[in-house]
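Now for the letters of each chain:
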Amino acid sequence: MRVYSKFASVYDRIGSDQFSAKMFRYTQRLLNRLDYRPRSVLDLACGTGTAALMWADNNVVTYGIDGSEQMLSVARKKARDNGLNISFSRQQLTSFTMAKKVDLATCYFDSLNYLLTLSDLTACFKSARRALYDGGYFIFDVNTPEAMKVLWGSQVYADETENVAWIWKNCYFPKLKRAEIKATFFVRQGSSWERFEENHAERGYGITEIKKVLKISGFKAVKIYECLTFAKPDRKTIRLAVVAQKK
Ligand SMILES: C[S@@+](CC[C@H](N)C(=O)[O-])C[C@H]1O[C@@H](n2cnc3c(N)ncnc32)[C@H](O)[C@@H]1O
């Protein structure tokens, strides 16, 4: 089964939307430090649209792209229910195009880790550059290889709510800096439970690789932090927050 297909129906219900809400607030703090007020934002891999809704609610012209029609369908419904006008489109991170340029591009919650090669990451950064006005910013988080090793290295995570239970089993391949994750969900349907599975794969990216790909894609790395803080990352950092500017 493709990733983020049936998962879309329970993504917000199991709290997966909360991280991008935090990233939205953190991005505002990063932008305050730069004294930069975007009038338009493109959220890449916007998922169920949580961050996009927050930008739109702050009177920012907002666009979202994602590869999963099911995630986008949840996002569109949330925007409609909240009376927010957001332009969502189904596009790939490696090849998206925009009719209008934006001041800021964002990409939250491991989404870039779904790009498993440096060439796909480069294609994504080049597409982001094309979507931005000169001087525009690209702010994103990304899991490091340390995260793959520590969090996604042959572990099992499980949790439940009243109506959804899930198990994440993972395995890490250090040479590829890649983790494979088998996600199994059980969703209550009346008196029975529906079971479905998705196989996810993420690749960790370190600071050196990120800087290199930014440079060849036409970005300047302005700041790189331990995500959600303003601390300098070190070799134990599991998630980076990157502020890049279109050169
Ligand atoms: C962990 S979710 C994050 C969603 C959202 N950014 C958030 O913070 O809740 C990862 C998202 O990346 C999208 N995605 C993964 N690979 C993609 C690709 N190659 N092109 C477009 N979207 C992709 C998935 O469909 C999914 O919505």
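A few points on the structure. (Residues numbered from 1 in each chain as written. Predicted model: local features only at pLDDT ≥ 70, side-chain atom pairs only at ≥ 80, totals over all residues. Heavy atoms only, no water.)

## Here we look at unusual backbone geometry
Here is step 1: Positioned with a positive phi, Asp-35 is a non-glycine residue whose angle comes to about 55°.
Here is step 2: One can find Asp-35 in the loop between α1 (18-34) and β1 (40-44).
Here is step 3: We classify Asp-35 as exposed; its relative accessible area is 61%.
Here is step 4: Despite not being glycine, Asp-110 has its phi angle at roughly 70°, a positive value.
Here is step 5: Summarising the element assignment, Asp-110 is placed in the loop between β4 (102-107) and α4 (118-131). (Helix = DSSP H or I, 4+ residues; strand = E, 2+ residues; numbered from the N terminus. Buried < 20%, exposed > 50% of the residue type's maximum accessible area, 1.4 Å probe, protein only.)

## Quick word on the site of the ligand
Here is step 1: The environment of the ligand is made up of 18 residues, and the closest members are Tyr-4, Tyr-11, Ala-45, Asp-66 and Leu-93.
Here is step 2: One nitrogen or oxygen atom from the main chain of Gly-67 is found 3.0 Å from a nitrogen atom belonging to the ligand.
Here is step 3: In this structure, a nitrogen atom belonging to the ligand sits 3.1 Å away from a main-chain N or O atom of Tyr-108.
Here is step 4: About the coverage of the ligand: the protein hides 92% of its 590 Å² of free accessible area. (Near = heavy atom within 4 Å. Polar contact = N/O pair within 3.5 Å; in protein donor to acceptor, adjacent residues only side chain to side chain. Areas by Shrake-Rupley, 256 points an atom, 1.4 Å probe, with all protein chains shown as cover.)

## Digging into the packing of aromatic side chains
By convention here, two paired aromatic rings are described through the distance between centres and the angle between planes.
Here is step 1: Summed over all chains, the structure comprises 19 aromatic pairs.
Here is step 2: When the ring of Phe-125 is compared with that of Phe-140, the centres are 5.3 Å apart and the planes differ by 40°; the resulting orientation is tilted. Taken together, the residues Phe-125 in helix α4 and Phe-140 in strand β5 (residues 132-143) connect sequence positions 15 residues apart. The same class applies to Phe-125 and to Phe-140, which are both buried.
Here is step 3: Joined through ring pairs, the aromatic side chains of Tyr-4, Phe-7, Tyr-11, Tyr-114, Trp-152, Tyr-157, Trp-168, Phe-185 and Phe-196 make up one cluster.
Here is step 4: The ring of Phe-230 has Arg-33 lying over it, and the distance from NZ or CZ to the ring centre is 3.6 Å. (Phe/Tyr/Trp six-rings, centres within 6.5 Å; stacked < 30°, edge-to-face > 60°. Lys NZ or Arg CZ within 6 Å of the ring centre and 35° of its normal.)

## Digging into the side chain of His-200
Here is step 1: Its location among the elements puts His-200 in strand β9 (residues 192-203).
Here is step 2: Reaching out from His-200, the side chain makes a polar contact with the side chain of Tyr-114 at a distance of 2.7 Å.
Here is step 3: Side chain to side chain, His-200 and Glu-198 meet in a polar contact 2.9 Å long.
Here is step 4: The residues touching His-200, leaving out its near neighbours within four places in the chain, are Val-3, Tyr-4, Phe-7, Tyr-114, Ala-179, Glu-180, Ile-181 and Ala-183. (Contact = heavy atoms within 4.5 Å.)

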